[in-house]
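Spelled out, the chains give:
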Amino acid sequence: MFKLARSCSKGTLPATLPAALPAALPAALPAALLARCNSTAYNLIEVGKFTAPKVTGNYDCGQMFLHKKLDYRGVVLFPWVARLFSRNNKAFPTLFDSMLKKGEVDDIPGFTKESYQTLIYYQVLLDFRDCPIVSQREGITFLGQNSDNKFYTIPGIDYISHEDVLPYEHSESIRDPIQHNLFQKFLEKKNDQNGLASYYSTNMLHQFHEDNFDCLRLRDVHSQTTNGVKITVYSFYMGCRSETPNKEHWWRYSILMENVGDITVQLRERTWCIFSNADNKESVTGKGVVGQEPMLKSGQCFQYSSLVSLRSSAGHMWGTYLFEREDRKFINVSIPPFLLVSKVAEPQT
């Protein structure tokens, strides 16, 4: 039922960049980013100039950026409007979590406008040259619709919140502003009357968005901060594998861990509770995640993705991470409950 993660990434802002940009940025702030020049050393190269982050409005398709938390360069493809349910929001109904954990899914309370925030997330391409920085390529996984029902992964596609975008204008001296095999297929370069280059969506990107809308769309994001560690999670329905003896419905989910405290912590153990409308509850415990036990200093993050399957078209899951602090004390960090929902209705019996 429970499958290991497909990818992960870890990051914190390089020492050459401010941890948070000032409210008023100069018109041309050099963006010096780490780039690997060989297997053992890094050089600093200028890839562009920062521009002021947008306080209102969305970033356009083709906007280059640096991820504020995970360090990688990327380019915006298109936005999603998502609801953020923070368990640290006093208006969030605590009854929602308690009923899910009891398996009482029929009468879970609804949400008021005060119980969540509406945020913009962006579908983005990340620069493969920055993969040594982020450990591995983040990607999206699809369930094929043909008879073999195989999994297909497109590496280098991620989701990023509006507040984590550090926009910049790329340097014309850089031949390839983003290295990704879909960059030139999804984006087209055009020069204005002053010779300044911008990138715009292609028909192929529009078709990709239309064909995979349901698998790509980000609806709900859940977060919770416990003992100085913030967990953010979101999920997507992938489809049903019908060739198995019992139909398997599959979801993928991504988790971002952030050390928002003052002390270094290291992940030691994970425990998941997975509730299926057909299977009842199953608990899964293991060491670390994706074969790693990431150590997070103050301000550092770790992101990974995974898959989960159920024998019903709906369910939910939640869990706990066990972290060890640098003073050898152990802390529990909550993974907030989130729904596993599909558009497939269960047959009536």
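Check the entry above for the structure.
Residues numbered from 1 in each chain as written. Predicted model: local features only at pLDDT ≥ 70, side-chain atom pairs only at ≥ 80, totals over all residues. Heavy atoms only, no water.

Participant: How would you summarise the overall build of the protein chain if you had to cite specific residues and measurements?
Facilitator: Looking only at helices and strands, the protein chain features five helices and 21 strands. Buried residues in the protein chain amount to 49% of all 349 residues. Counting only contacts in the protein chain whose residues sit at least 6 apart along the sequence, the fraction spanning at least 24 positions is 68%. Just so you have it, the protein chain exposes about 17,200 Å², and 48% of that area is on carbon and sulfur atoms. (Helix = DSSP H or I, 4+ residues; strand = E, 2+ residues; numbered from the N terminus. Buried < 20%, exposed > 50% of the residue type's maximum accessible area, 1.4 Å probe, protein only. Contact = heavy atoms within 4.5 Å. Areas by Shrake-Rupley, 256 points an atom, 1.4 Å probe, with all protein chains shown as cover.)

Participant: Requested: an account of helix α1 (residues 94-102), with residues and values cited.
Facilitator: Those residues of α1 that sit buried are Phe96, Asp97, Met99 and Leu100. Against the buried residues of α1 lie β20 (314-325) and β21 (330-341). One or two steps after α1, the chain reaches glycine 103, where phi turns positive at roughly 80°.

Participant: Lay out the environment of aspartate 220 with the relevant residues and their values.
Facilitator: Relative to the assigned elements, aspartate 220 resides in strand β13 (residues 220-226). Sequence separation between aspartate 220 and phenylalanine 338 is 118 residues, and the spatial gap between their C-alpha atoms is 8.7 Å.

Participant: Talk me through the packing of aromatic side chains; I want residue IDs and the actual numbers.
Facilitator: Each pair of aromatic rings is reported with the distance of its centres and the angle of its planes. Applying the stated criterion across every chain yields a total of 23 aromatic pairs. For the pair phenylalanine 85 and phenylalanine 92, a centre-to-centre distance of 6.3 Å together with 70° between the ring planes defines the contact as edge-to-face. Residues phenylalanine 85 and phenylalanine 92 agree in their burial class; the two are buried. Centroid distance phenylalanine 92 to phenylalanine 111: 5.9 Å. Interplanar angle 35°. Geometry classified as tilted. Here phenylalanine 111 lies in the loop between α1 and β6 (117-126) and phenylalanine 92 lies in the loop between β5 (73-86) and α1, a separation of 19 residues in the sequence. What makes phenylalanine 111 partly exposed here is its relative accessible area of 29%. Each residue in the set Phe85, Phe92, Phe96, Phe111 and Tyr116 is aromatic and connected to the rest through ring pairs, giving one cluster. The ring centre of tyrosine 116 lies 5.3 Å from the NZ or CZ of arginine 83, which sits over that ring. (Phe/Tyr/Trp six-rings, centres within 6.5 Å; stacked < 30°, edge-to-face > 60°. Lys NZ or Arg CZ within 6 Å of the ring centre and 35° of its normal.)

Participant: I'd like a description of the nonpolar core, backed by residues and values.
Facilitator: Membership of the largest hydrophobic core comes to 32 residues, with the highest contact counts inside it found for Leu125, Tyr159, Phe183, Phe186, Phe208, Leu216 and Leu218. Per element, the largest residue contribution to this core is six residues, and it comes from β5. Among residues more than four places away in sequence, those in contact with phenylalanine 183 are Met64, Val75, Leu125, Pro177, Ile178 and Tyr199. Grouped together as the second largest cluster of nonpolar side chains are 27 residues, Tyr253, Ile274, Tyr304 and Leu310 included. (Core = buried A, V, L, I, M, F, W, Y, C linked by side-chain atoms within 4.5 Å.)

Participant: Residues and numbers for the side chain of serine 115, please.
Facilitator: Within the fold, serine 115 resides in the loop between α1 and β6. When its relative accessible area of 1% is taken as the criterion, serine 115 is described as buried.

Participant: Tell me what's going on with unusual backbone geometry, and back it up with residues and numbers.
Facilitator: Unusually for a residue other than glycine, valine 290 sits at a positive phi of about 45°. Tracing the chain through its elements places valine 290 in the loop between β17 (280-287) and β18 (295-296). With a phi close to 75°, arginine 328 is a non-glycine residue in the positive phi region. Note that arginine 328 resides in the loop between β20 and β21. When its relative accessible area of 62% is taken as the criterion, arginine 328 is described as exposed.

In short, geometric facts, not functional conclusions.
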